[in-house]
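Listed below, chain by chain, are the residues.
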Amino acid sequence: MVKVADRMRGLQASAIGAMTVRCQELGAVNLAQGLSQVPPPASLLADGARNFEHIGHSYSQPEGLAVFREAVADKVKRSSGLSVEPATQVVATVGATGALMATLTALLDPGDGVIVFEPFYGYYLSSIRMLTLTPEPVRLTGPGFEITEESLRAAVTGRTRAMIICTPNNPSGRRLTAAELKIVAAVAEDHDLLVITDEVYEDIYFGPEPHLAAATVGSLAERTVTLGSLGKSFSIPGWRLGYACGPEQLMGAVRVAADSFVVCAPAPLQALGARALNLGEDYYHDFRAMYDRKRRTLAAGFAAAGLSPNEPEGAYYLFVDCSRMGVATGVEAAEILLENTLVGTVPGEAFYLDKPDRPYVRACFSLPDEVLADAVGRLANGELTHG
Ligand SMILES: Cc1ncc(COP(=O)(O)O)c(C=O)c1O
């Protein structure tokens, strides 16, 4: 009988998808799925509709259209001050997910250890497992979720070849500080590790400090591949446009891996995406203000229900400590929230290899204002805390 590959053992559709199905069955508000449901920039859609006939509809080069890579390089320069050469250091990919798969495939061998920081974005683990790499978790504890030198050094083993960091972070909302990135740089240098930095939320941060790109810190640029996504910055996740950028001697192999997987990222959408990447500072200013408002609305709703939402520094999720529900796990907390308030969230367990230190749930606020208002109303009416 034909069997499923061993590498798929233990891999299954995510808890997030399962919660979405339950929300549909129960008529619950779905704060589980990280689907951006805010509208894309109107100018991008109007421009796209006007120009769709006139842009190329064949494949692009495997590394992407020159106009797209140039726009990525310009944006990276504007937002983080980092210089990348569009011809040799940027590869257009099918979302940041495509960038992650191509990077892991191109730069690591089966069995290699990859450090991931708990709580982490679930696709890191599934990608690591699919490629028969070895996940090596480092536990970050709330509410601060800071990287410490001791815990990072203790996690390095003889097989460790890489680490994946994420800033701003999904699900914790943390932005790595310069001090934490220096720790990452020191450990990576001492053990000659590849650093993959997932910065898909670079444009969604709160407060005056601009995004701090990992590759700008210390000598990290020499060993770091940065992943970006137009899906997050321009609310077009379905366009499946992302990119990887890094040192020339690594990006040639990433380009070959990306080509072998999918030939190229959607070429007509790259042409339109390049225009989005050229949007001015006004766009980002309004975009962040919108997310700041949404973040405050939803956090106030969870706080009013007696729970303890974090104050995310970036990205579009709340990571809510539900200890006051008197439950031991995020799974129980998410179940009670769903049953008692008809609000769907993701159990914190989805972001850990081992048991989380607290009963967390993640709630997404990349949703229309009226959906968030509905969720806040439902949270206010449910029975959630004891005493
Ligand atoms: C941290 C993080 N990285 C990567 C992705 C995937 O990005 P893309 O849709 O561009 O593949 C997501 C999507 O939710 C994410 O949260």
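Scroll up to find the structure this text is about.
Residues numbered from 1 in each chain as written. Predicted model: local features only at pLDDT ≥ 70, side-chain atom pairs only at ≥ 80, totals over all residues. Heavy atoms only, no water.

1. Quick word on the pattern of salt bridges
Threshold: Just to be clear on terms, a salt bridge is a Lys or Arg side-chain nitrogen sitting within 4 Å of an Asp or Glu carboxyl oxygen. Under the DSSP-based scheme used, a helix requires at least four consecutive residues in state H or I and a strand at least two consecutive residues in state E, with every element numbered from the N terminus. Relative accessibility under 20% of the residue-type maximum defines a buried residue, over 50% an exposed one, and the middle range a partly exposed one, all with a 1.4 Å probe and only protein chains included.
Scanning the entire structure with this criterion turns up 27 salt bridges. Across the pair E136 and R159 runs a salt bridge, and its minimum N-O distance is 3.2 Å. Of this pair, E136 sits in strand β4 (residues 134-139) while R159 sits in the loop between α7 (149-155) and β5 (160-166), and the two are 23 residues apart along the sequence. Accessibility expressed as a relative area gives 5% for E136, which makes it buried. For R159, a relative accessible area of 44% gives the class partly exposed. Between D190 and R153 there is a salt bridge; the shortest N-O distance is 3.0 Å.

2. A closer look at the sheet that holds strand β7 (residues 224-229)
For clarity, the cut-off: We call two strands paired when DSSP finds no fewer than two bridges between them. Think of each axis as a best-fit line through the C-alpha atoms, taken over the contacting stretch in the case of a helix, with angles from 0 to 180 degrees between the N-to-C directions. By definition, residues are in contact when any of their heavy atoms lie within 4.5 Å.
Strand order in the open sheet formed by 7 strands is β2-β8-β7-β6-β5-β3-β4, and the pairing between neighbours is mixed. In the strand order of this sheet, the two ends are held by β2 (90-94) and β4, each with one partner. Geometrically, the sheet is characterised by an average inter-axis angle of 25° between neighbouring strands, direction not taken into account. Pairing of strand β3 (residues 113-118) with β5 involves 4 bridges; the strand directions are parallel. Bridge pairing in β5 links V114 to A162. Helix-sheet contacts for helix α3 (residues 66-80) involve β2 and β8 (241-245), and the interaxial angle to β8 is about 65°.

3. Looking at helix α10 (residues 248-262)
Basically, it comes down to this: Between the first and last residue of a helix there are one fewer steps than residues, each counted as 1.5 Å, and that sum is the expected span.
With 15 residues, α10 ought to run about 21 Å at 1.5 Å a step, and its terminal C-alpha atoms sit 21 Å apart, in line with that. Directly after α10, the chain includes V263, whose backbone phi takes a positive value near 70°.

4. Brief notes about the packing of aromatic side chains
Note the following rule: What counts as a ring pair is set by centres within 6.5 Å for rings of Phe, Tyr and Trp (its six-membered ring), and what kind of pair is set by the plane angle: stacked under 30 degrees, edge-to-face over 60, tilted for all other angles. Lysine and arginine charges are scored as sitting over a ring when NZ or CZ, respectively, is within 6 Å of the ring centre and within 35 degrees of the ring normal.
For the coordinates displayed, the defined rule picks out 17 aromatic pairs. Each ring, one from Y121 and one from Y123, has its centre 5.3 Å from the other, and the planes form 10°; the classification is stacked. Owing to a relative accessible area of 25%, Y121 belongs among the partly exposed residues under this scheme. An aromatic cluster of three or more residues is present, and its members are Y201, F206, F234, Y283, Y284, F287, Y291, Y316, Y317 and F365. Taking the ring centre of F206 as reference, the NZ or CZ of R295 above it sits at 4.1 Å.

5. Let's talk about the packing of helix α5 (residues 95-107) against helix α6 (residues 122-130)
Our working rule: Note: crossing handedness is left-handed where the near helix turns anticlockwise from the far helix by less than a right angle, and right-handed where it turns clockwise. Three residue categories are used. Nonpolar comprises Ala, Val, Leu, Ile, Met, Phe, Trp, Tyr, Cys and Pro, charged comprises Asp, Glu, Lys and Arg, and polar comprises the others, including Gly.
Following both chains from N to C, one finds α5 and α6 inclined at 35°, their axes separated by 10 Å at the closest point. Every pair of crossing elements has a handedness; the one defined by α5 and α6 is right-handed. Between α5, through T97, L100, M101 and L104, and α6, the contact on the second element is made entirely by Y123, Y124, S127, I128 and M130. By residue class, the composition of the contact of α5 with α6 is 7 nonpolar, 2 polar and no charged.

6. What to know about the site of the ligand
Applied cut-off: Here, proximity means that at least one heavy atom of the residue falls within 4 Å of the molecule or strand. Nitrogen and oxygen atoms within 3.5 Å of one another constitute a polar contact, given that in protein one can donate a hydrogen and the other can accept it, and given that sequence-neighbouring residues count only through two side-chain atoms. A 1.4 Å probe and the Shrake-Rupley method give the accessible areas. Residues count as covered only by the protein chains that appear here.
Near the ligand there are 14 residues, and of these T97, D198, Y201, S229 and K232 occur at the shortest range. In the environment of the ligand, an oxygen atom lies 2.8 Å from a nitrogen or oxygen atom belonging to the backbone of A96. Between an oxygen atom of the ligand and a side-chain N or O atom of S229, the distance comes to 2.7 Å. Its free accessible area being 400 Å², the ligand has 92% of it covered by the protein chains. By residue number, the principal contributor to the shell around the ligand is α5, which donates 3 residues. Split into classes, the residues belonging to the shell around the ligand amount to 7 nonpolar, 4 polar and 3 charged.

7. Focus: the packing of helix α1 (residues 15-26) against helix α13 (residues 330-341)
To be explicit about the condition: If an angle is under 35 degrees, it is roughly parallel; if it is over 145, roughly antiparallel; if it lies from 65 to 115, roughly perpendicular; otherwise it is oblique.
One way to put it is that α1 packs onto α13 with a least axis distance of 11 Å and a crossing angle of 20°. The angle between the axes of α1 and α13 places the two elements in the roughly parallel class. In this structure, α1 crosses over α13, and the sense of that crossing is right-handed. Within the contact between the two elements, α1 uses M19, R22, C23 and L26 and α13 uses A334, E335, L338 and E339. Partitioning the contact of α1 with α13 into residue classes produces 5 nonpolar, no polar and 3 charged.

8. Points about the sheet that holds strand β10 (residues 317-321)
Here we have 4 strands laid out as an open sheet, ordered β9-β10-β13-β12, and antiparallel in their pairing. Only two strands of the sheet have a single partner each, and these edge strands are β9 (308-309) and β12 (346-347). Pairing of β12 with strand β13 (residues 360-364), which is carried by 2 bridges, proceeds in the antiparallel orientation. Across the sheet, residue P347 finds its bridge partner in β13, namely V361. The sheet contacts of helix α12 (residues 281-304) involve β9, β10 and β13, and relative to β10 the element is tilted by about 15°.

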